[in-house]
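# Residue-level structural notes
These are the residues of each chain, in order.
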Amino acid sequence: MNILPEIVNRRSVRKYTDQDVSEEQVAALIEAARLAPSGSNKQPWDFIVIRSRALREKICKIDHGQQWMLAAPVFIACIGNERYRGDGDLERVIRDSAIATEHILLQAEHMGLGTCWTGWYEQDEMRAMLGLDDHCYVVGIVTVGYPAEKPAAKPRREITYKTL
């Protein structure tokens, strides 16, 4: 069975080199997210690229004080925005925005970048930090950088399925 190497090799990276990530690389990550599928093609997502050390420190503090995050030169805040759906269906907004976020992770792996999708924060606090209103939901903060580690694969449970 052939599985894309990016799916097989992707890991959550928590140690990064001090090499910067270029604007072109960030643009490629956002483009990958833009191309994600969404229900009724609503594309209910926005992204905020954060390079400012001061803002990354504030986000890190809100994200349960995970200091390792600061080693990544770029954070991408992945936002589900209910305004794009127009029907108040937050569950679909979150689902579709999560798919777009995963596209960022897989594209980063393809480009030799490391990522970690974080989400250990209070929604209201992170929303306020990013200047977002109640129509927005922070699906995750993704750290992006060149990996200084290659974590081993974590065990996966056996899965069964049935055909109906």
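Let me sum up the structure you'll find in this document. It should be emphasised that the depicted structure is a prediction, and the values quoted were computed from it without experimental measurement.

Here the largest pocket defines a volume of roughly 300 Å³. Along its surface, the largest pocket is lined by 13 residues, and Arg10, Arg11, Ala153, Lys154 and Arg156 are the ones closest to its centre. Counting only elements with at least two residues in the lining of the largest pocket, the list comes to helix H1 (5-9) and helix H4 (90-110). Its residues placed into classes, the lining of the largest pocket shows six nonpolar, one polar and six charged.

Between the first and last C-alpha of helix H2 (residues 23-34) there are 16 Å, a value that for 12 residues agrees with the 16 Å anticipated at 1.5 Å per step. Buried within H2 we find Gln25, Val26, Leu29, Ala32 and Ala33. Buried residues of H2, viewed axially, fall in a sector of 120°; they line one side. Along H2, the residues that are exposed and aim more than 90 degrees away from the buried face are Glu23 and Glu24.

About the criteria used
Residues numbered from 1 in each chain as written. Predicted model: local features only at pLDDT ≥ 70, side-chain atom pairs only at ≥ 80, totals over all residues. Heavy atoms only, no water. 1 Å grid on protein atoms, 1.4 Å probe; cavity = no way out; pocket = protein on both sides within 12 Å on 5 of 7 lines; lining within 4 Å. Points joined across faces, edges and corners; volume = space filled by probe spheres on them. Helix = DSSP H or I, 4+ residues; strand = E, 2+ residues; numbered from the N terminus. Nonpolar A, V, L, I, M, F, W, Y, C, P; charged D, E, K, R; others polar. Expected span 1.5 Å × (residues − 1). Buried < 20%, exposed > 50% of the residue type's maximum accessible area, 1.4 Å probe, protein only. Arc of directions from axis to C-beta.

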